[in-house]
Structure formats: structure tokens, C-alpha cells
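Secondary and tertiary structure notes
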Amino acid sequence: MTGEFEQLYQGLHARVTAFCARLIGCRTAAADLAQDVFVKAYASQGEFTGRSSEATWVFRIAWNACADHLRRERTRRGAMVRLVSSGLPPAEDMESRVADREAAERILERISPRSRALLMLRLHEGLGYEEMARIFDTTPGSIGVMLNRARKEALAVAREEGIAP
Amino acid sequence: MNCVDVQEAMSPYLDGELERVDLQRLEEHLIACGTCRIEIDGVRHVDGMLAALPRSTGGVESPGDHRPEAPFPRRWMSRRPPGWVMAAGLLLAFGVVWVARPPGVAAPPARATVRLANSAYQVHVEGGTLLSIEMYDSQSGSVRVNGVGGGR
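What you see is a predicted model, and the numbers here were worked out from it, not measured in a lab. (Residues numbered from 1 in each chain as written. Chains lettered and ligands numbered in written order. Predicted model: local features only at pLDDT ≥ 70, side-chain atom pairs only at ≥ 80, totals over all residues. Heavy atoms only, no water.)

What follows is about helix H5 (residues 113-123) of chain A. Among the eleven residues of H5(A), ten are classified as buried, and the element is accordingly described as predominantly covered. Among all positions of H5(A), only Pro113(A), Ser115(A), Arg116(A), Ala117(A), Leu118(A), Leu119(A), Met120(A), Leu121(A), Arg122(A) and Leu123(A) are buried. (Buried < 20%, exposed > 50% of the residue type's maximum accessible area, 1.4 Å probe, protein only. Helix = DSSP H or I, 4+ residues; strand = E, 2+ residues; numbered from the N terminus.)

Following this line, the structure appears as C-alpha cells:
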């Protein structure tokens, strides 16, 4: 085990777990999936060419792992997985924030996994188009088009839910 | 720039990935077009809601599963075999000792405890009959009783 890899693991593990949890909708499965992601990353260190950042490389592995997981789940259950909030009872002064959060969770729940991944990587991880293009194995221009689609999908859901202008 | 062009350039615009010339043309269009303004405001609003989501709340937990976060990937640590494998091994070891004991030697103790990793296994035998195997997991503090009979 290299010290650099341990550092990479420490720096990214929580982010990758959260990313997987958002995508697949189950924290327990996400924790296992994140472990698999790092095991795979560790085993394939030789394949890392350095063209992207290590974080981008790990998120690419994570996206592929989540997509595989969702495909398996769809086959097994014949339905999309759930994604709901943890649902702690809100304090009164937190009500609007909690309502917003629940609304945002509902939007994520209803859009496609790919759109969810795109929006999370852009809005949560702050990845640029170049980095995202490496994750999705496409061009930065296509990422713009894919993000457009994802945003329109999210906006349509938000309007249906009555939470967007 | 027309409405279709604005729709296509929406994400690069919101993400700061638009060329300066296109940015200027898009903003000129937005001043004149209320429909596109509403669309972009809507997307911005949803973006804001999604960006404000805390990372830690993604997904639901499986009921009763509160495993502490491993300090390092579990597969890189020595992996403990599943409980049933350990219990089977324990039973086998117990059986060998029982069968191989010299004639006239007293039976093994009615209860034997074996510690493996974070778990302790206690096997309860009485009068040659295996009554139960209990497992205590010191990480979760849980006790699982795997009853294996009890009848004589």
C-alpha cells in the first residue's frame, strides 16, 4: 500500500461514498460500492495515465460502478431504486430549509441516474467540463449538451412538483 | 442569438464555460426575451436547491445497519470469513476432539468459548448433544444465538 494511495483514499472516500449514495439511493450499498471503487482504483493504479486528476479518475471508476449497480438492480427488481431523505424531524426555524432539501431530494429521485450523476459532479463536486468529459468518456462539448438535458429534466420535475418558476 | 441557441448554450452559460463573444450575445438575448429569462431563472433555482443538498444525506440506510466507517478498505485488511463458515469450522473442530478422545476420558466441557477477530463463539454441548452456538460481536455489541437443536 503506497502512502500516496492512502492519502487519496482519505481525501476522497467520503466524497465518493456520498456520490454513490446519491446515485444508487442506498447508503449501505453505497459504502460497499465505494470500497469496491477504491479496491479497483488500487488494483489498476498502473492504468492511471495522469491525463486527468486522480480525483477525476476515481470518480470515473465510481460512475461506472454505480451504473453497473443500477443496471443490475433494474434487472433484478425491474424498477428504479428509491432515493429519499433521511427524514429527521425539522425544528421550526429549519422548516423552509428542510422543505427545500426534501424537494431537491424528490427532484433527484425522479431524474435519470445519468442526469443525477452529471448534476452531482457539476454542482456538488464542482468538476469542469474537461474533467467530466473524461469520466463519461466524451467531449467537453457533449458534456454541455448532456448537462442541458439533465437540467431540463430536473426543471420539468421541479415544475411538476410546483417548486420552480 | 435566438431562443434555440440560448437553450443550447444554457449549461455552458451557467457553468461559466461559454466563450466571451457568445456570452455577450446570450445576455443581449436575455434582456429582450422574457421566455428565455424565465427558463434560465428556473434552472438556476433548481441548481441552487441541488447544490445546497448536504452530501451526507444521500440515500437511505438499510434498517439496522450502522456499521462504523472502516479506517481502511475492508478488503485490504485481513478479511474475516462469514459467521457460518466460522461456526462450521468450530463444529468440525469440536467433533474431531469428541470422536478422537481416548476411551474412558471424560467428555469435553459442556461450554467452550473461542475468540476470533472481534467475535467470540460459545458452543454449548450437553450429554453429547449440541445445544447452541452463540456469537458475540464486540463491534456491534450484538449477540446472535444460532439454536441448533436442544432436544435429546
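That covers the picture; the talk isn't over yet.
All names here are of chain A. At aspartate 137, a position not held by glycine, the phi torsion is positive, near 55°. Looking at where aspartate 137 falls in the secondary structure, it is placed in the loop between helix H6 (129-135) and helix H7 (140-160). The class for aspartate 137 is exposed, based on a relative accessible area of 62%.

What follows is about the pattern of salt bridges. Two side chains of opposite charge can pair, provided their charged atoms sit close to one another. Evaluated as defined, the whole model comprises twelve salt bridges over all chains. Between Glu160(A) and Arg110(A) there is a salt bridge; the shortest N-O distance is 2.4 Å. Placement of Glu160(A) in helix H7 and of Arg110(A) in helix H4 (residues 95-110) is noted, with a sequence separation of 50 residues between them. By relative accessible area, Glu160(A) is classed as exposed at 59%. Arg110(A) gets classed as partly exposed once you look at its relative accessible area, which sits at 41%. Across the pair Arg151(A) and Asp15(B) runs a salt bridge whose closest N-O atoms are separated by 2.8 Å. Pair noted here: Arg151(A) is in helix H7 and Asp15(B) is in the loop between helix H1 (3-14) and helix H2 (20-32), and the two residues belong to different chains. For the pair shown, Arg151(A) and Asp15(B) are each scored as buried. Three or more residues joined by partner-sharing salt bridges are found here, namely Arg106(A), Arg110(A), Glu160(A) and Glu161(A). (Salt bridge = Lys/Arg side-chain N within 4 Å of Asp/Glu carboxyl O.)

The subject of this paragraph is the packing of aromatic side chains. Residue and element names in this part refer to chain A. One pass over the structure, following the stated rule, counts five aromatic pairs over all chains. An angle of 65° between the planes, with centres 5.0 Å apart, marks the rings of phenylalanine 5 and tyrosine 42 as edge-to-face. Linking phenylalanine 5 in helix H1 (residues 3-24) with tyrosine 42 in helix H2 (residues 27-43), this pair joins segments that are 37 residues apart in sequence. Ring centres of phenylalanine 48 and tryptophan 57 lie 4.9 Å apart, and the angle between their planes is 40°; on these two criteria the pair is classed as tilted. Its relative accessible area of 13% is what places tryptophan 57 among the buried residues. (Phe/Tyr/Trp six-rings, centres within 6.5 Å; stacked < 30°, edge-to-face > 60°.)

All names here are of chain A. Here chain A shows a mean pLDDT of 84. Residues at 70 or above account for 86%. Of all the helices and strands in chain A, H4 carries the lowest mean pLDDT, 81, while H7 carries the highest, 95. Taken together, the stretch residues 79-91 has pLDDT below 50 and engages in 31 contacts with residues farther than four places along the chain or on a different chain. (pLDDT = per-residue confidence, 0-100. Contact = heavy atoms within 4.5 Å.)

Before going further, it helps to spend a moment on the packing of H1(A) against H2(A). Residues and elements named next belong to chain A. It is the contact of H1 with H2, at a shortest axis distance of 8 Å, that shows an interaxial angle of 140°. In terms of orientation, H1 lies oblique with respect to H2. Remark: the crossing between H1 and H2 carries right-handed chirality. Together, Phe5, Leu8, Tyr9, Leu12, His13, Val16, Thr17, Cys20, Ala21 and Ile24 of H1 and Arg27, Ala29, Ala30, Ala31, Leu33, Ala34, Gln35, Val37, Phe38, Ala41 and Tyr42 of H2 make up the contact between the two elements. (Axes fitted to C-alpha atoms, helices over the stretch in contact; angles between N-to-C directions. Parallel < 35°, antiparallel > 145°, perpendicular 65-115°, else oblique. Left-handed = near helix turned anticlockwise from the far one by under 90°.)

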